[in-house]
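Spelled out, the chains give:
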Amino acid sequence: MSIFDTEIDTSGLNCPLPLLKTKKALVTMQVGERLRVIATDRAAFIDIPVYCEISVHQLIDSSEMDDKLIFIIEKGEI
């Protein structure tokens, strides 16, 4: 069993595209589902956690592996 329901890979995309694609993916998901975001843009390390802080979504985990940033976000209730 994976710890996420949906995955998007924004590798190679620059700010603000990783965040915009994250927002778009979350819109299509159900409350409580988890989204895994893969990004290479260093700005995502700031943008995505800040977005989660000001939105209803919860950042479950963030890590870095092989020069890729990985985020797990749980969709919150709007």
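Details of the structure are given in the entry above.
Asker: Outline the side chain of Asp-41, supporting the account with residue identities and numerical values.
Answerer: With respect to the element layout, Asp-41 can be found in the loop between β2 (34–39) and α2 (44–54). The side chain of Asp-41 is buried and forms no salt bridge, while Arg-42, the nearest opposite charge, is found at 7.4 Å. In contact with Asp-41, other than residues within four places in its own chain, are Leu-13, Asn-14, Cys-15, Pro-18 and Leu-69.

Asker: I'd like a description of the side chain of Thr-10, backed by residues and values.
Answerer: Structurally, Thr-10 is set in the loop between β1 (6–9) and α1 (17–27). Judged by its relative accessible area of 0%, Thr-10 falls in the buried class.

Asker: Go over the nonpolar core with me, naming the residues and quoting the values.
Answerer: Ranked by size, the top nonpolar core spans 15 residues in total, and within it Leu-26, Leu-35, Val-37, Ala-44, Ile-48, Phe-71 and Ile-73 carry the most contacts. When contributions to this core are tallied by element, the ones reaching two or more residues are α1, β2, α2 and β4 (68–74). Per-element accounting of this core gives the leading share, four residues, to α2. When residues no more than four places from it in sequence are discounted, the contact partners of Val-37 are Ile-8, Thr-10, Thr-22, Ile-48, Leu-69, Ile-70, Phe-71 and Ile-73.

Asker: Any chance you could break down the environment of Leu-35 for me, citing the residues and the numbers?
Answerer: Turning to its location among the elements, Leu-35 is positioned in strand β2. Of the residues examined, Leu-35 reaches a relative accessible area of 0% and is grouped as buried. Expressed as a C-alpha distance, the spacing of Leu-35 and Ile-60, which sit 25 residues apart in the sequence, is 9.7 Å. Those residues within four positions of Leu-35 in sequence are excluded, and the remaining contacts are Phe-4, Thr-6, Glu-7, Ile-8, Thr-22, Ala-25, Leu-26, Met-29, Phe-71, Ile-72 and Ile-73.

Asker: Quick one: what's the story with unusual backbone geometry, residue by residue and with numbers?
Answerer: Cis geometry is found at the peptide bond from Cys-15 to Pro-16, where omega equals 10°. Tracing the chain through its elements places Pro-16 in the loop between β1 and α1. Of note, Asp-67 is a non-glycine position whose phi angle comes to about 65°, a positive value. Of the residues examined, Asp-67 reaches a relative accessible area of 64% and is grouped as exposed.

Asker: Could you give an account of the packing of α1 against α2, with specific residues and numbers?
Answerer: For any two helices packed against each other, one specifies the inter-axial angle together with the distance between the axes. At their nearest, the axes of α1 and α2 sit 9 Å apart, and the two run at 35° to each other. The two elements α1 and α2 cross, and the hand of that crossing is right-handed. Mapping the contact onto sequence places Pro-18, Leu-19, Thr-22, Lys-23 and Leu-26 in α1 and Ala-44, Asp-47, Ile-48 and Tyr-51 in α2. The residue makeup of the contact of α1 with α2, split by class, is six nonpolar, one polar and two charged.

The rules behind the values
Residues numbered from 1 in each chain as written. Predicted model: local features only at pLDDT ≥ 70, side-chain atom pairs only at ≥ 80, totals over all residues. Heavy atoms only, no water. Helix = DSSP H or I, 4+ residues; strand = E, 2+ residues; numbered from the N terminus. Buried < 20%, exposed > 50% of the residue type's maximum accessible area, 1.4 Å probe, protein only. Lys, Arg positive; Asp, Glu negative; His and termini not counted. Salt bridge = Lys/Arg side-chain N within 4 Å of Asp/Glu carboxyl O. Contact = heavy atoms within 4.5 Å. Core = buried A, V, L, I, M, F, W, Y, C linked by side-chain atoms within 4.5 Å. Axes fitted to C-alpha atoms, helices over the stretch in contact; angles between N-to-C directions. Left-handed = near helix turned anticlockwise from the far one by under 90°. Nonpolar A, V, L, I, M, F, W, Y, C, P; charged D, E, K, R; others polar.

None of this, on its own, says anything about what the molecule does.
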